[in-house]
Amino acid sequence: MDTGVAIFPTHDAIGPAEVARLAEERGHESLFFPEHTHIPASRQTPYPGGNELPRRYAHTLDLFVSVTAAITATTRLRVGSGICLVIERDPITTAKEVASVDFLSGGRFEFGVGAGWNREEMANHGTDPRRRMAILRERVEAMKAIWTRDEASYSGEHVAFDRIWSWPKPAQKPHPPVLVGGDGPTVLDRVLAIGDAWFPNHAAEGILDRAAELRARADRPVALMVMGVPADPRVLEAYANAGFQRAVHWLPSAPRGPVERALDAYERAVAVFNGERSLTGNGAYGDGFTTRALPPKRRTGSAMDS
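Residues numbered from 1 in each chain as written. Predicted model: local features only at pLDDT ≥ 70, side-chain atom pairs only at ≥ 80, totals over all residues. Heavy atoms only, no water.

Enquirer: Please set out the overall build of the protein chain residue by residue, giving values where relevant.
Expert: When helices and strands are counted, the protein chain shows 10 helices and 12 strands. In summary, the protein chain has a C-alpha radius of gyration of 19 Å against a globular reference of 19 Å for 306 residues, a match within 12%. C-alpha atoms of the protein chain, sized along the principal axes, occupy 60 × 45 × 40 Å. Expressed as a percentage of its 306 residues, the buried residues of the protein chain come to 52%. Counting only contacts in the protein chain whose residues sit at least 6 apart along the sequence, the fraction spanning at least 24 positions is 68%. Put simply, the protein chain shows about 13,700 Å² of open surface, and 51% of that area lies on carbon and sulfur atoms. Between the mean site of the 36 positive side-chain charges and the mean site of the 38 negative ones, the protein chain shows a separation of 2 Å. (Helix = DSSP H or I, 4+ residues; strand = E, 2+ residues; numbered from the N terminus. Rg over C-alpha atoms; globule rule 2.2 N^0.38 Å. Buried < 20%, exposed > 50% of the residue type's maximum accessible area, 1.4 Å probe, protein only. Contact = heavy atoms within 4.5 Å. Areas by Shrake-Rupley, 256 points an atom, 1.4 Å probe, with all protein chains shown as cover. Lys, Arg positive; Asp, Glu negative; His and termini not counted. Charge placed at Lys NZ, Arg CZ, Asp CG, Glu CD.)

See the structure below:
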């Protein structure tokens, strides 16, 4: 199972390029950035994580600016959106941005998509929250048409355009992998309709059971990935045993020092999971890890294998 990291790239934290270099140098496979164009000051929609909305949500940099900085600072790291709020974006413009970063990176972009949770934020972009799932589907379908056809058209209830030209095309064929985020009651339907992978949050309930359901329903390969895993080898093992190809750990929106310490803790857990260390005593973030003279377990290949 591949390991990745994610971070809200705020203006007062480590920069996207610097954190990308760190992730690549330390052997991680991927780096993800979230997206919020703004946070409505009314705060009517409650934060799904409970308590107060963390400061980083309103201070994060633009998604595709951050992605571009990260890909230009690395050569192997896969860089992605975790997730892109497609329902707040023009699909023709977004298709151009996705294709451009995939082309410039040599095919290293991962397109995580979702409908979001902040209803006032959606409304400020002209999106009716009640229609957001249908809008998400049509916009992703329309982007796929743009990426895969020299002359693209799309006709839907929420998206419509006739005979357009748009280059560059993505380096990955037929297009960058579409990772569908979310854990709502109909999310598996969306994965099967428009996705190459399911990318839920670790905090969601019943992920392993729903992953098994997804695989039972799928008539094609669908990858499994998880966002927000803790620095715990037992959690990593559970996801690997369930067939997940990628596990992503959130880093703090902080300067380099705290980010490096968070990476250290995560990598100690990864070392135990890979058989390079053992977990002893009650240590959870280093004091219970001891070196172990065993060869590392074989990694399970690329993130899109299934």
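This is not the end of the story, as more comes after the structure.
Enquirer: Kindly report on the pairing of strand 6 (residues 160-164), identifying the contributing residues and their values.
Expert: Pairing analysis gives three bridges linking strand 5 (residues 152-155) to strand 6, with the strands arranged antiparallel. Bridge pairing in strand 6 places Tyr154 opposite Phe161. A loop of four residues connects strand 5 with strand 6, the two strands running antiparallel in sequence. (Pairing = 2+ DSSP bridges.)

Enquirer: Requested: an account of the confidence of the model for the protein chain, with residues and values cited.
Expert: Of all residues in the protein chain, 91% attain a pLDDT of 70 or more, and the chain-wide mean is 91. The low-confidence segment residues 281-306 (pLDDT under 50) makes 66 contacts with residues lying over four places distant or belonging to another chain. (pLDDT = per-residue confidence, 0-100.)

Enquirer: Describe the nonpolar core, listing the residues and the values that go with them.
Expert: Judged by nonpolar contacts, the single largest core of 71 residues is most densely connected at Leu31, Phe111 and Trp198. Apart from residues lying up to four places away in sequence, Leu31 is in contact with Val5, Ala6, Ile7, Pro16, Val19, Ala20, Ala70, Leu77, Arg78, Val79 and Gly80. (Core = buried A, V, L, I, M, F, W, Y, C linked by side-chain atoms within 4.5 Å.)

Enquirer: Just give me the short version of the sheet that holds strand 10 (residues 246-250), but keep the residues and values in it.
Expert: The eight strands lie next to each other as 1-2-3-4-7-8-9-10, forming a closed barrel whose pairing is parallel. If you compare each strand with its neighbour and ignore which way they point, the axes differ by 25° on average. Pairing of strand 2 (residues 30-33) with strand 3 (residues 78-85), which is carried by four bridges, proceeds in the parallel orientation. Each residue of the ladder has a partner; that of Phe32, found in strand 3, is Gly80. Along the sheet, helix 10 (residues 256-273) contacts strand 1 (2-6) and strand 10; its crossing angle with strand 1, the most-contacted strand, is approximately 160°. (Axes fitted to C-alpha atoms, helices over the stretch in contact; angles between N-to-C directions.)

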